[in-house]
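In case you want the letters, here they are:
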Amino acid sequence: MEKYIPKYIQGATGDWEVVIGLEIHAQVASEAKLFSGSSTKFGADPNTHVSFVCSAMPGMLPVINEECIRQAVRTGLAMGCEIHLRSVFDRKNYFYADLPQGYQISQFKDPIVGEGEIIVDLEDGTTKTIGVERLHLEQDAGKSMHDQHPTQTYVDLNRSGVALMEIVSKPDMRSAEEAGAYFRKIRTLVRYAGTCDGNMDQGSMRADVNVSVRRPGAELGIRSETKNVNSVRFMMQVIEFETRRQIDLLEDGGEVFQETRQFDPASGTTSSLRSKEEAHDYRYFPDPDLLPLEFTQEFVDDLAKALPELPDAKRNRLINDLGVSAYNAAVLVAEKESADYFESLLDSLAHKTGKAKEELAKQAANWVIGDLFGALKKTGKSISESPVSLKDGAELLALQIDGTISGRIAKDVFEIMLDTGKNPELIVEEKGLKQVSDTGAIDAIIDEVIADNQDKLVQYRGGKDKLFGFFVGQVMKKTQGKANPQVVNQLLKPKLDG
Amino acid sequence: MSVDKKTVAKIADLARIAVREDELDPLAAELNNILGWIEQLSEVNTDGVAPMTSVVEVALPWREDKVTDGGYRDEILANAPDSAHGFFTVPKVIE
């Protein structure tokens, strides 16, 4: 393993170090909201998924959704965090048009999940451990739309009261790359654990990005907080921009203020939103409507036992038990759907060929990542929209493994599958693409090729070894690529050598 | 602990309660009285006593994850001062 090297940024007056912390808001995957029975489904007509509880009508009381508790615990376990058997809900008070209660129910002093550690892989081959400070449950706010009317803001409370997990990192990241890797890792974890769909377009995951700069080894600098950043690319832009802005400010003798900023995707810049001191007097206090949240260690242990295999464990298994390369394993594991596709394909392939998975895994991984991902990328599709079904994919690989078709022909068949959606066996049958392994037939073709190329034969025997490839090529050409290359090699060598 | 006029004005502002200038001093006095009573409680030694969260022995009730509510937009919007196209509408909020 390579050694982690600290990254400094060169300024006009010397080196600087950037310090990044992330607060990730992940929407809990649940049917109903955190404290009411209305639906969490995205995209409904405005204010149709709203009850008297989530619109904060007088006299309504919150009752907690047990699944949201389980999801928070599962997420904590997936991140290797400490689980708190007792936690407390607090009111975070502020006024905004899309917050009907006038406070958000959150967890301040005693969150449900405590500290943990996440290991991320960096591009230079090193890894870095990033601390998780806590995870707490809280309510989401409604949605304000400012662009529907010249003088009015429209408010939709469908999202009001939906459960969020706020995952707070320690200020352990030192570059945009590290922050991106950490965010992606958390996204992968919640998707494996099934606790959040990770859908960033619909706002299911977004981050507040805290950035400060300091001289290497100095005390932490004053940070800015950029709110609601909803893609990894934007997050990295925010960090690059804020780092530069703060270094320039400090080097010009200015001062960084603790403030909330917003990101403008069009220009890739951030701008000040409001000054933190006044607006952020949240006056937290324990919510008198809710008793402390308590559960047993047994409740946690049962959830731990039922967790699916997590990405790190899966990756190690692919590498160590199945012989998949480290790079391929990392690619397959990054998205749960890819890993699921690969594993189902491998199951099906093992069943079809009667061979052990470890004999097939390498080839199957190469095909999924090289051929299938390549084709998906070209058409802009995701793996769940793959035009090639699992069954057909496995069949294509099986045809190749049992020697019915060559690797080269398999690529042609795959192209036809993409175009027509036909099943590979049918394509091979229709187009007569079966590989020729019959030594008699290949022998005859080799003799023809040698007879036609006497001059090359002389050169070959005179020491031009490279011409071996030429002869193989000619044989393959004469058989339209259908000759079994191994058989060709075996038969050709003695004939050429004489 | 006690509060002055300035603190009272700030709390009123945070709670969005309009308080007239001439009400601030009397309010500060009333609040300080209440704070004084609370302070008396700190005279009791509570070392090693867990904070009480309820006067009866009950646990937080949990609800099943089922959609059981919602779908009555007209009732939700009925008391709103203003609404349009199914949205609550408020004077434009400019950040």
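Worth saying up front: this structure is predicted, and the values here are computed from it rather than measured.

What counts as what
Residues numbered from 1 in each chain as written. Chains lettered and ligands numbered in written order. Predicted model: local features only at pLDDT ≥ 70, side-chain atom pairs only at ≥ 80, totals over all residues. Heavy atoms only, no water. Helix = DSSP H or I, 4+ residues; strand = E, 2+ residues; numbered from the N terminus. Rg over C-alpha atoms; globule rule 2.2 N^0.38 Å. Buried < 20%, exposed > 50% of the residue type's maximum accessible area, 1.4 Å probe, protein only. Domains from an automatic or database assignment. Polar contact = N/O pair within 3.5 Å; in protein donor to acceptor, adjacent residues only side chain to side chain. Contact = heavy atoms within 4.5 Å. Pairing = 2+ DSSP bridges. Core = buried A, V, L, I, M, F, W, Y, C linked by side-chain atoms within 4.5 Å. Phe/Tyr/Trp six-rings, centres within 6.5 Å; stacked < 30°, edge-to-face > 60°.

**Looking at the overall build of chain B**
Within chain B one finds 3 helices and 3 strands. The order of helices and strands in chain B, counted from the N terminus, is α-α-β-α-β-β. Here chain B has a C-alpha radius of gyration of 22 Å; the compact-globule value for 95 residues is 12 Å, and the former is much larger. Each of the three principal axes of chain B carries a C-alpha extent, and together these read 55 × 45 × 25 Å. Here chain B, with 95 residues, has 20% of them falling under the buried criterion.

**Some details on the domain arrangement of chain A**
In terms of domain boundaries, chain A breaks down into domain 1 (9-303), domain 2 (309-431) and domain 3 (439-497). With centres defined by C-alpha atoms, the gap from domain 1 of chain A to domain 3 of chain A works out at 66 Å.

**Some details on the side chain of K185 of chain A**
Residue and element names in this part refer to chain A. Within the secondary structure, K185 is located in helix α2 (residues 176-193). Residue class for K185 comes out buried when judged on its relative accessible area of 13%. Of note is the side chain of K185, whose polar atom sits 2.7 Å from the backbone oxygen of I119. Other than its neighbours up to four places away in sequence, K185 contacts I118, I119, V120 and D312.

**Here we look at the sheet that holds strand β3 (residues 87-91) of chain B**
Strand order across the open sheet formed by 4 strands is β9(A)-β10(A)-β3(B)-β2(B), with antiparallel pairing between neighbours. Taken across any chain shown, the strands that pair with only one partner, and hence form the sheet edges, are β9 (143-145) of chain A together with β2 (83-84) of chain B. One ladder, built from 2 bridges, connects β2 of chain B with β3 of chain B; its direction is antiparallel. Residue pairing across strands places S83 of chain B opposite F88 of chain B, the latter belonging to β3 of chain B.

**A short note on the nonpolar core**
Residue and element names in this part refer to chain A. Counting residues in each nonpolar core, the largest one holds 110 residues, and the members touching the most others are L22, I112, Y182, F342 and W367. Counting residues domain by domain, this core receives three or more from each of domain 1 (9-303) and domain 2 (309-431). With near-sequence residues (within four places) excluded, W367 lies in contact with Y341, L345, L372, V388, G393, L396, L397 and F414. Residues Y460, L467, V487 and L496 belong to the second largest nonpolar core, which totals 19 residues.

**Here's the deal with the packing of aromatic side chains**
Residues and elements named next belong to chain A. This model, assessed by the stated rule, comprises 11 aromatic pairs over all chains. Centroid distance F35 to F89: 5.4 Å. Interplanar angle 80°. Geometry classified as edge-to-face. In this pair, F35 sits in the loop between β2 (14-27) and β3 (64-65) while F89 sits in the loop between β4 (86-87) and β5 (90-93), placing the two residues 54 residues apart along the sequence. Judged by its relative accessible area of 3%, F35 is buried. Seen from their ring centres, Y282 and Y284 are 6.0 Å apart, and the 75° between their planes marks the pair as edge-to-face. Residue classification places Y282 among the buried residues on the basis of a relative accessible area of 15%.

**Description of the pairing of strand β13 (residues 224-229) of chain A**
Residues and elements named next belong to chain A. Where strand β12 (residues 205-214) lies against β13, 4 bridges are found, and the strand directions are antiparallel. Pairing of A207 across the sheet is with V229, part of β13. Note that β13 and strand β14 (residues 259-264) share 3 bridges and pair parallel. Looking across to β14, one finds that T226 is bridged to R261.

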